[in-house]
Amino acid sequence: MSFQTRLLVALLLEVFAVVGVATALTLPMVVGASALRERSRQVRQRLHDSLGAIALVLGVLVLNRFVRPIVPELSWAFGIPITDAIFRVEGSFVAWVQGFARPWLTSYLAFAYVHLYVFALLVPFVLYLFAEDARPLRVTGIAYATNYGIGVICYVVFIAYGPRNYLVGEVDSLLYTTYPSIRLLTQQANVNTNAFPSLHTSLSVTVALLALWTRRQFPRFPIVIVPITLSVVVATMYLGLHWAMDVLAGFALAGVSVAIGVRWTARE
Amino acid sequence: MDAPRSRRAVLGSAAGATAMASGCLADLNAFARGQRRPVSVSILTAAPDTDPFAPVIARRLATALETAGVRATLLPTSESNLWREVLVNGKFDIYVGRHPIDPDPDVLRELFHSRFAEEPGWQNPTGVTDPALDELLDRQRHETGRRRVETTAAALDRISELGPIAPLCVPYDLRMQRVDDRLEWSDYGVRNALSYVSLGTPDRRQVTVGIAGEQGDWNLNPLGVVERDLRTIVDLLYDRLAVRTGGDLHPWLAAGWETEPDGGADGDAESVLTISLRDGATWHDGSPIRARDVAFTYRLLEDTALGSSRPPAPTVRYRGRSSLVRSVEAVDDVTVRLAVAASPTVAPVALTVPILPRHIWRSRGTRGRFTVLDDPVTEAITTLNETPVGSGPYRHLEDDRTRLLLSRTPEHFLEDDPGGFAGEVGAPDRPERLEFAALASRDMAREFLRNGELDAATVPMSPAEFERMRADALVETVDTRALGLYGIGFNLRRYPMTDAGFRRVISRLVDREHVSRTVFGRRARPTTSVGATLVDGTGRLRWRGDTTRHPFLGSDGDVDAARAREAFRDVGFAYSEQGHLLVRR
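Thresholds, definitions, all that
- Residues numbered from 1 in each chain as written.
- Chains lettered and ligands numbered in written order.
- Predicted model: local features only at pLDDT ≥ 70, side-chain atom pairs only at ≥ 80, totals over all residues.
- Heavy atoms only, no water.
- Contact = heavy atoms within 4.5 Å.
- Buried area = accessible area lost by both parts, 1.4 Å probe.
- Salt bridge = Lys/Arg side-chain N within 4 Å of Asp/Glu carboxyl O.
- Polar contact = N/O pair within 3.5 Å; in protein donor to acceptor, adjacent residues only side chain to side chain.
- Helix = DSSP H or I, 4+ residues; strand = E, 2+ residues; numbered from the N terminus.
- Nonpolar A, V, L, I, M, F, W, Y, C, P; charged D, E, K, R; others polar.
- Pairing = 2+ DSSP bridges.
- Axes fitted to C-alpha atoms, helices over the stretch in contact; angles between N-to-C directions.
- Buried < 20%, exposed > 50% of the residue type's maximum accessible area, 1.4 Å probe, protein only.
- Lys, Arg positive; Asp, Glu negative; His and termini not counted.
- Core = buried A, V, L, I, M, F, W, Y, C linked by side-chain atoms within 4.5 Å.
- pLDDT = per-residue confidence, 0-100.
- Patch = residues over 30% accessible without salt bridge, like charges linked within 9 Å, V, L, I, M, F, W, Y side chains within 5 Å.
- Areas by Shrake-Rupley, 256 points an atom, 1.4 Å probe, with all protein chains shown as cover.

### Remarks on the interface of chain B and chain A
By a frequent convention, interface size equals the accessible area lost on bringing the separate parts together.
Right, on to step 1. The interface is formed by 45 residues belonging to chain B together with 31 residues belonging to chain A.
Right, on to step 2. Roughly 3,400 Å² of surface becomes buried between chain B and chain A when both sides are summed, with 54% attributable to carbon and sulfur atoms.
Right, on to step 3. In this assembly, chain B and chain A are joined by 6 salt bridges.
Right, on to step 4. For Asp49(B), the salt bridge identified is with Arg183(A), shortest N-O distance 2.9 Å.
Right, on to step 5. Put simply, chain B and chain A have 15 residue pairs in polar contact (both at pLDDT 80 or more) between them.
Right, on to step 6. For the side of chain B that touches chain A, the secondary structure elements donating two or more residues are helix 1 (3-11), helix 3 (54-67), strand 3 (71-77), helix 4 (79-89), strand 15 (433-439) and helix 15 (443-450) of chain B.
Right, on to step 7. A per-element tally of the side of chain B that touches chain A places strand 3 of chain B first, with 7 residues.
Right, on to step 8. Considered class by class, the residues forming the side of chain B that touches chain A number 19 nonpolar, 9 polar and 17 charged.

Here's what the structure looks like:
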């Protein structure tokens, strides 16, 4: 095993340890200790009822795994380079955001971008096992699949480099200059030309929208998730990885994905 | 104007036929009425993750062009994509990048001779065609001594006048290593395979070196368009008949050669090289290296399809050298006779190509894998050559996406002191294993040197990255002389890049001094000549370029809008009322 593979495995273990602990702390707080005990018997039923949606997400993820490697080449041949257009619209906004950089803020937002993001993504799947019915899980599955599906199509159609790869000298690659090893982790999923839209934004906003949608059942869920979502959104720009346009497109994609999920399950 | 759009235009050519006819008429009408349209150009460059310098220069150039009223679109891409577009597809307006330039002046023929204008590859990437230049480039290879130096200087002068490439800076290559590591590097330059062969280590241990590059498949094809760090690695795997240090060639896989002048047609000096191979040399798979492998290699370089296709498919590298060879013949198992269309001084340049095993490469003349929409080329050029069988001092052991592991070749001639240059250069205690780690970001080099995962790294560094590196007491850096230069390349097949005046003004929109100071942190030498790194045997060639020909149109890095516009007007361009530079068509 090469040293970079070894470091990657260590990083992955660390992230999942943090996410595991955070989930274990969040669950009793959001569901309530008694409800958690009461509903633990229905978990198997919930899983069974939402198998289709979970299979859909897994299917899209597996497909994604195979499609991603050919996206850059396909995109270069057929896609539209839009980085220049994005820059002409928003100028040096991201550089302005980076003007607020402080070491403690960089540490926090890097933590948000990596750890809190993974936590936000996984927590609905655990939390909604304790919901009153299977619909939240199904909506989550459909919304995630839509995010990835539309995301990958956008990555083929649009060639967009993030600000750190375009406004060289103006925008700093804060995440990678501060924590170089994090690149081992992020390069497993991120490709430089796939900045538009920001999937970090769209997926974390999706979770926030889901939390708001299920606020009657889980009133504390938005309180936990909305600050995390906002942190992730700010982090994408603060760390120099995304343009404001990517973030706006991420919000739109999240809205569309959740709407599709809600509509779809309403018909049943 | 931009590459992907024109590519789609090719796709839709059938549907566009009628539209084109009416477009022609509209053009003619516009021309008759003297109508012009604003010019826009795209600037292709590597993304900052792979190159810390070119994209910064490209972005400044884009800003300068906009100041001068030219709409400029910056197109960052991966390094391999950049070179594929420029060298293979020819789909670009302007690019900013680093050109590897071999030290012998004959490299100018490869880069600028019109006979290579239609070939894909490092040969003539800009598509320049100039009969006067062709004549000079052809002549220098038949000359020797002072006459060749004069002809080369005249050719450089002509190239500077035409400006197909606007040279900017000669960078220094950087090597970083841990202060406490007892590695003894010699002075061959970071990107020279000899620096690894001559590396002294305590107890011949494994040495891990970080190189720049996205993690992925390793392209180990000596004939492919490979990224620059991989070239060094490939040179460790594949021996050449002769290797170069400065202006001198030394026997390597060849035990030696004899050069005889051979009259030649039209009074041009030609030469015959009789080459004797080293006794008992073998390929990494154990089979013996024979003269017919050498003969085969030269035939393959000339036509990788080996006669099976029309037109022939020459290589994308080594074209200057392979085109010098008139004929090649294996006299016996260890003797090769090479007839070279060059003077006895120039002819041995042809010996500096990697020698390939016939039994592996002769089946690679078929059509290669299609990369999306590229010209079909042979497998010899497109193969990644995952399990390379060469004859070099190191052989391929294993790799994954993050690293490539080589080990010393026990049968290599360096293992039992061959004497001569090879004996001097090969360190007996060189590393038993060499591990190259692909680093996706340059700051990884700092972190991994710090925590001891890396022994050394050879990644280029922006001034900010360099300062962070220098702040670390555990790490030391060494600058070495680089071959090649950063420059702006123009596609001379596209208007208005066809216009020498247009190119000259663009060359003057970059403040070379300022770039070398601020972009390279002074670790580069400004230049206006593509000859800045050439070396010739006589040591007389000193062509650093004439800065009066490319004076910067501004001061301290900032372009003066009025002066830039005046310069464009001087070479025949006009401006719209809105201040856009106009072109006909």
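Picking up where we left off.
### With respect to the sheet that holds strand 1 (residues 37-38) of chain B
All names here are of chain B.
Right, on to step 1. Reading across the sheet, the 3 strands line up as 1-23-22 and stay open at both edges, with antiparallel pairing between neighbours. Edge positions in the open sheet fall to strand 1 and strand 22 (574-575), since each of these has one partner strand only.
Right, on to step 2. Note: strand 22 against strand 23 (residues 581-583), 2 bridges, orientation antiparallel. When the sheet's bridge partners are listed, Tyr-575 is paired in strand 23 with Leu-581.

### Here we look at the environment of Ile153(A)
Right, on to step 1. Residue position: Ile153(A) is located in helix 9 (residues 135-157).
Right, on to step 2. Taking the C-alpha atoms as reference points, Ile153(A) and Val71(A), 82 residues apart in sequence, are found 9.1 Å from one another.

### Notes on the sheet that holds strand 10 (residues 271-277) of chain B
All names here are of chain B.
Right, on to step 1. Sheet architecture is open: 4 strands sit in the order 9-10-12-11, paired in antiparallel fashion. Edge positions in the sheet fall to strand 9 (254-261) and strand 11 (325-332), since each has one partner strand and no second. Along the sheet, successive strands turn relative to each other by an average axial angle of 20 degrees, direction set aside.
Right, on to step 2. Note that strand 10 and strand 12 (residues 335-340) share 6 bridges and pair antiparallel.

### Quick word on the side chain of Arg508(B)
Residue and element names in this part refer to chain B.
Right, on to step 1. Turning to its location among the elements, Arg-508 is positioned in the loop between helix 17 (500-507) and helix 18 (512-518).
Right, on to step 2. Despite its burial, Arg-508 pairs with no opposite charge, the nearest such side chain being Asp-570 at 6.7 Å.
Right, on to step 3. Arg-508 has contacts with Arg-549, His-550, Pro-551, Phe-552, Leu-553 and Arg-563, leaving out every residue within four places of it along the chain.

### Remarks on the nonpolar core
Residues and elements named next belong to chain B.
Right, on to step 1. Within the largest apolar cluster, 94 residues are counted, with the highest numbers of intra-cluster contacts made by Ile-43, Leu-61, Phe-112, Ile-488, Ile-506 and Phe-568.
Right, on to step 2. With 8 residues, helix 3 is the largest single contributor of residues to this core.
Right, on to step 3. In this structure Phe-112 touches Asn-124, Val-128, Leu-133, Asp-134, Leu-137, Ile-159, Pro-164, Ile-165 and Val-530, once residues within four positions along its chain are discounted.

### A closer look at the confidence of the model for chain B
Residue and element names in this part refer to chain B.
Right, on to step 1. Summary statistics for chain B give a mean pLDDT of 86 and a share of 89% for residues scoring 70 or more.
Right, on to step 2. Overall, residues 1-23 carries pLDDT values under 50, and its contacts beyond four positions in sequence, including any with other chains, amount to 29 contacts.
Right, on to step 3. Across residues 370-374, where pLDDT falls below 50, the model places 12 contacts with residues more than four positions away in sequence or in other chains.

### Quick look at the environment of Arg525(B)
Residues and elements named next belong to chain B.
Right, on to step 1. Mapped onto the elements of the fold, Arg-525 is located in strand 19 (residues 524-526).
Right, on to step 2. Using a relative accessible area of 27% as the deciding quantity, one classes Arg-525 as partly exposed.
Right, on to step 3. For the pair Arg-525 and Ser-287, spaced 238 residues apart in the sequence, the C-alpha separation amounts to 46 Å.

### Here we look at the side chain of Ser323(B)
Residue and element names in this part refer to chain B.
Right, on to step 1. As for its placement among the helices and strands, Ser-323 is situated in the loop between helix 11 (319-322) and strand 11.
Right, on to step 2. Judged by its relative accessible area of 10%, Ser-323 falls in the buried class.
Right, on to step 3. Separated by 3.2 Å, the side chains of Ser-323 and Arg-109 make a polar contact.
Right, on to step 4. Setting aside chain neighbours within four positions, we find Ser-323 in contact with Arg-109, Arg-115, Phe-116 and Glu-302.

### Let's talk about a nonpolar patch on the surface
All names here are of chain A.
Right, on to step 1. Residues Ile-150, Val-256, Ile-260 and Trp-264 make up a contiguous nonpolar surface patch of about 320 Å² in total accessible area.
Right, on to step 2. Tracing the sequence through the fold places Ile-260 in helix 14 (residues 244-266).
Right, on to step 3. With relative accessibility at 32%, the residue Ile-260 sits in the partly exposed group.

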